[in-house]
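Single-letter residue listing:
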Amino acid sequence: MKRRGFIAGLGSAAAWPLVARAQQPAMPAIGFLSGVSPGPFAQRLAAFHQGLEESGMIEGRNVAIEYRGAEDQYDRLPALAIDLVGRGVAVIVAYPDAAALAAKAATTTIPTIFLSGSDPVRAGIVPSLNRPGESITGVSWFGVDLESKQLSLLHELVPTAIVIALLVDQNSADATTHVSDVETSARTLQLQLVALNVRTASDIDLAFARLARERVDALLVGAGAFLHSRRNQIIALAARYGIPTIYGFREYAVDGGFISYGNDIPDAFRRAGVYTGRILKGEKPADLPVERTTKFELIINLKTAKALGLEIPPSLLARADEVIE
């Protein structure tokens, strides 16, 4: 099979940024393994490049990057990881958890930097945050762990909402666990929670149709790389059905979502870029503890609030890190 056809069959290089691979054969290569489509992640990828540059590594100048994306088909990740290992990359960067686990299964010698929105210990990526392992470390953030706080914010914004839906990314390794946590928070707030499990784009359409049938009052979009990659679809459906929705990432609110509360994810990608540069310069993953992001952002889109007929309490506006008008 011709090389072009082989890569197309893996479903990655045609969509992710192109790099010159053969021009500088001695140049070290990073294997960037992603489970999702590249388009919605342009800002995060730019942040990763920023981190690399902070470490003195610039793509095309002194490092090459081999991009592999599963295009939301997570069952393709093991083959993509094996392909990167076969190409002799110097380090693998993996996002999300499923990609990290695929890279971990494919090699025990090539250093791996993971990006995770869950507990990487509970997900089985590393045994410990302080001692991640001989060949793997990374950056994690509070994704699923923030959903109870997000539910509380949604309740504060829409106090009349009694039935709340939770959109659950079934591609996430700990989806079932965090649903239980949010259910506990819902009972404390005397709310009824409806879990809507999705794995594909068509599942999201079906979930919103069910949401309308069951007369759900508000929606919490759970954490997960797949859901974030479908954010334009989700924002459009939330507007069509006129349902107040809270999200975990600022990109949702910037793109027209009602409100978002969560970590600064581009900064996590930047830090992963810094770690990658340090490993390329000779540091060992075992000497680099898993970093945990601690910066949180509350973003409110007033234009969307007006379209929903909602008034934002002044106290909440005062707490917001950014208000979009």
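This is a predicted model, so every value here is computed, not measured. (Residues numbered from 1 in each chain as written. Predicted model: local features only at pLDDT ≥ 70, side-chain atom pairs only at ≥ 80, totals over all residues. Heavy atoms only, no water.)

A. Summary view of helix α7 (residues 201–213). Spanning 13 residues, α7 covers 19 Å between terminal C-alpha atoms, matching the ideal 18 Å at 1.5 Å per step. The elements touched by buried residues of α7 are β6 (163–169), β7 (192–198), β8 (218–221), α8 (225–229) and α9 (231–241). Just beyond α7, the residue with positive phi is R215, at close to 55°. (Helix = DSSP H or I, 4+ residues; strand = E, 2+ residues; numbered from the N terminus. Expected span 1.5 Å × (residues − 1). Contact = heavy atoms within 4.5 Å.)

B. Here's a closer look at the sheet that holds strand β13 (residues 322–324). Across the sheet, seven strands lie side by side as β7-β6-β8-β9-β10-β12-β13; this open sheet has mixed pairing. Of all strands in the sheet, those bounded by a partner on one side alone are β7 and β13. For this sheet, the mean angle separating the axes of adjacent strands, direction not counted, is 20°. Relative to β7, β6 runs parallel, the two sharing seven bridges. Following the sheet pairing, L166 is matched in β7 by A195. α7 rests against β6, β7 and β8 of the sheet, and its axis sits at about 155° to β7. (Pairing = 2+ DSSP bridges. Axes fitted to C-alpha atoms, helices over the stretch in contact; angles between N-to-C directions.)

C. Representation of helix α3 (residues 77–86) within the structure. Of all the residues in α3, the buried ones are L77, L80, A81, D83 and L84. Down the axis of α3, the buried set is contained in an arc of 155°. They therefore lie on one face. In this structure, α3 carries I82 and G86 as exposed residues pointing more than 90 degrees from its buried face. In the segment just after α3, G88 is the residue with positive phi, at about 70°. (Buried < 20%, exposed > 50% of the residue type's maximum accessible area, 1.4 Å probe, protein only. Arc of directions from axis to C-beta.)

D. Representation of unusual backbone geometry. Here Y95 and P96 are connected by a cis peptide whose omega angle stands at 0°. Along the chain, P96 falls in the loop between β3 (91–95) and α4 (97–106). One non-glycine residue, D72, lies in the positive phi region at around 70°. Residue position: D72 is located in the loop between β2 (64–69) and α3.

E. The environment of A236, seen in detail. With respect to the element layout, A236 can be found in helix α9. Given a relative accessible area of 42%, A236 falls into the partly exposed group. In sequence terms A236 and G256 are 20 residues apart; their C-alpha atoms lie 8.5 Å from each other.

F. Structural context of empty space enclosed by the protein. A complete count under the given rule lists three cavities of 30 Å³ or more for this structure. Of the volumes computed, that of the second largest cavity is approximately 80 Å³. Considering the residues around the second largest cavity, the lining is formed by 14 residues, among which G143, Q150, A223, G248 and F249 are closest to the centre. Broken down by element, the residue count for the lining of the second largest cavity peaks at three residues, all from strand β10 (residues 259–263). (1 Å grid on protein atoms, 1.4 Å probe; cavity = no way out; pocket = protein on both sides within 12 Å on 5 of 7 lines; lining within 4 Å. Points joined across faces, edges and corners; volume = space filled by probe spheres on them.)

G. Molecular detail of the sheet that holds strand β11 (residues 291–292). Pairing is parallel across the open sheet formed by six strands, whose spatial order is β2-β1-β3-β4-β5-β11. Edge positions in the sheet fall to β2 and β11, since each has one partner strand and no second. Strand contacts of α3: β1 (29–34), β2 and β3, with the helix running at about 180° to β1, the strand carrying the most contacts. Against the sheet, α4 touches β1, β3 and β4 (112–116), its axis set at about 145° to β3.

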